Amino acid sequence: MIDDSSEKIVIDAGLFRFPGQDLMKNINKAYTLYYDETNNIRSLSLTGTGLNHEVLDCFVLGGVALGPGASLPDINALRAKLRIQPSVKELKLKHLAQGDYITCLSSNKLEQFLTWLLESPAYIHFSNFSILNWSIVDLIDSLLDHDQFETYTSIRDDLKNELHSIVRLEPLGYFRLLKTFDYPNVPSARIPEFLKAVRQFLFSGGFTFRNMARMALSDLLQEASRVTTLVYLCGNEKDELVSGFDTAFIHRLATFVRSVHVFDEEPRVRESLERNEIAWGGQPVRYRFAISHNEPAIQISDILCGLMGKHFSFMEKCSIDHLEEASAKLSVQQRRNADLVAKLIDKADEECPAFIFNQAPHESNAKSLWFLHGIEYPEDYRDL
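Residues numbered from 1 in each chain as written. Predicted model: local features only at pLDDT ≥ 70, side-chain atom pairs only at ≥ 80, totals over all residues. Heavy atoms only, no water.

*Asks:* Can you help me understand empty space enclosed by the protein in this one?
*Replies:* The gaps of empty space that remain are located by a probe, the size of a water molecule, rolled over the atoms. Scanning the model with the defined rule gives one cavity of 30 Å³ or more in all. Volume-wise, the largest cavity comes out at about 30 Å³. Surrounding the largest cavity, Cys58, Asn128, Phe312, Met315, Glu316, Asn358, Ala360, Ser364 and Asn365 form its lining. Residue assignment for the lining of the largest cavity shows that the elements contributing at least two residues are helix 12 (296-317) and helix 15 (362-373). Among the elements that make up the lining of the largest cavity, the one with the highest residue count is helix 12 (three residues). (1 Å grid on protein atoms, 1.4 Å probe; cavity = no way out; pocket = protein on both sides within 12 Å on 5 of 7 lines; lining within 4 Å. Points joined across faces, edges and corners; volume = space filled by probe spheres on them. Helix = DSSP H or I, 4+ residues; strand = E, 2+ residues; numbered from the N terminus.)

*Asks:* When you look at the confidence of the model for the protein in this model, what are you seeing that I'm missing?
*Replies:* Regions with low pLDDT should not have their predicted coordinates read in detail. Here the protein averages 92 in pLDDT, while 98% of its residues score no lower than 70. For the protein, the element scoring lowest by mean pLDDT is strand 4 (residues 50-51), at 82; helix 14 (residues 332-351) scores highest, at 98. (pLDDT = per-residue confidence, 0-100.)

*Asks:* I would appreciate a short explanation of helix 14 in the present structure.
*Replies:* Since there are 3.6 residues in each turn of an α-helix, residues three or four apart along the chain are aligned in direction. For helix 14, which comprises 20 residues, the first-to-last C-alpha distance of 29 Å matches the rise-based estimate of 28 Å (1.5 Å per residue) to within 8%. Burial in helix 14 covers these residues: Gln333, Gln334, Asn337, Ala338, Leu340, Val341, Ala342, Leu344, Ile345, Lys347, Ala348 and Glu351. (Expected span 1.5 Å × (residues − 1). Buried < 20%, exposed > 50% of the residue type's maximum accessible area, 1.4 Å probe, protein only.)

*Asks:* Would you take a moment to explain the sheet that holds strand 10 (residues 283-284) for this structure?
*Replies:* Across a sheet, paired strands are connected by hydrogen bonds in the backbone, their directions being either parallel or antiparallel. Spatially, 1-9-10 is the arrangement adopted by the three strands of the open sheet, whose pairing is mixed. Each edge of the open sheet is held by one strand with a lone partner, namely strand 1 (9-12) and strand 10. The sheet contact formed by strand 1 and strand 9 (residues 276-280) spans four bridges and is parallel. Bridging across to strand 9, valine 10 finds its partner in glutamate 277. (Pairing = 2+ DSSP bridges.)

*Asks:* Help me understand the layout of surface pockets, please; the structure alone is not making it clear to me.
*Replies:* The computed volume of the largest pocket comes to approximately 900 Å³. Lining the largest pocket are 36 residues; nearest its centre among them are Asn133, Trp134, Val137, Asp138 and Gln359. At the level of elements, strand 6 (123-130), helix 4 (131-136), helix 5 (138-144), helix 6 (156-167), strand 7 (240-242), helix 10 (246-255), strand 12 (356-359) and helix 15 are the ones that each hand at least two residues to the lining of the largest pocket. Considering each element in turn, the lining of the largest pocket owes the most residues, four residues, to helix 10. Its residues assigned to classes, the lining of the largest pocket shows 16 nonpolar, 13 polar and seven charged. Here the second largest pocket defines a volume of roughly 330 Å³. Looking at the second largest pocket, it is lined by 15 residues, and the ones nearest its centre are Ile166, Leu202, Gly205, Thr208 and Arg214. Where the lining of the second largest pocket is concerned, the elements lending two or more residues are helix 6 and helix 8 (191-202). Of the residues belonging to the lining of the second largest pocket, the class tally is six nonpolar, five polar and four charged. (Nonpolar A, V, L, I, M, F, W, Y, C, P; charged D, E, K, R; others polar.)

Right, dumping it as structure tokens:
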């Protein structure tokens with residue numbers, strides 16, 4: 001981190017913390033958190049044919065955390081066990097497993113790695129962001145900003161979940177529709193037309209509703225037909241859905257204010273962070289950037305982030321029916337690896353619940369919990 005902070009904008013970490021967060025178990029422990037990231041698409045924009053990137057992948061920022069005085073076991077011993085060639089400068093997921101998520105789970109090398117990590121003093125940590133969800137939920141927030149829709153605020157997240165679950169089935173069609181209205185900068189005069197078109201797209205297949213929240217979404221859009229202001233969908237850059245994931249980095253700094261954060265060297269992220277200073281109690285939150293081949297913990301974070309990115313993207317793309325079918329066909333090896341991922345999450349959650357941050361729709365979370373932990377999947381999220 002650069003020393004001269006005289007021209008920096010000081011950001012109070014409290015702006016990113018929820019009430020009572022200080023009471024969370026071990027939140028103020030002096031960890032050292034190491035990071036890598038996966039599926040950082042930098043930006044998401046509407047194009048003439050749809051989007052400039054795949055929208056159903058998830059952005060994951062995370063890695064491993066070490067408590068005071070703890071250190072990783074010798075990574076060279078791990079490399080030897082995994083039979084990694086000396087010419088390989090740094091460990092990456094591709095050296096252990098390749099292919100889609102289910103294929104990766106069939107890797108014996110992945111099992112050896114996950115077992116090593118589980119038995120180490122390190123804890124995993126990650127922030128998972130559904131890129132699709134991030135790019136569409138401003139519609140719900142804009143509508144609920146109106147006092148006339150106050151009765152819907154208690155089910156805000158349920159409304160977002162239902163919007164996501166429908167759009168997920170045909171995202172390109174939905175985004176082509178949005179582009180015709182200059183989204184996310186919809187002209188005031190066209191807002192009623194826009195809301196009518198959105199409702200027609202979402203419910204063009206008929207009015208079979210799987211739960212009350214989906215019915216409420218339909219009602220909300222119908223009641224909003226005369227709305228002429230959408231506070232979060234005006235004054236924005238035309239076609240720009242996601243301008244970056246800088247806030248994900250700031251959020252982690254603001255969550256673990258007494259820890260040291262070590263990020264993989266990434267010039268764009270570094271430049272963004274160094275324009276500001278994240279402070280707590282008048283003191284800057286400490287962070288630094290490091291070259292991954294000099295930091296074994298960042299290499300471990302690379303493998304973990306890559307795997308979790310595949311996991312959450314798979315949950316995002318699959319219906320529960322497809323997921324149940326895939327789960328039933330898992331080999332013993334694949335099940336062992338999935339169980340190890342679940343145990344790593346449980347270990348982290350027991351140490352500090354804030355290690356796991358999942359900014360994804362309820363339905364995607366429910367699929368993940370079912371697949372990894374065997375938690376019953378809500379029937380309300382099952383399409384009729």
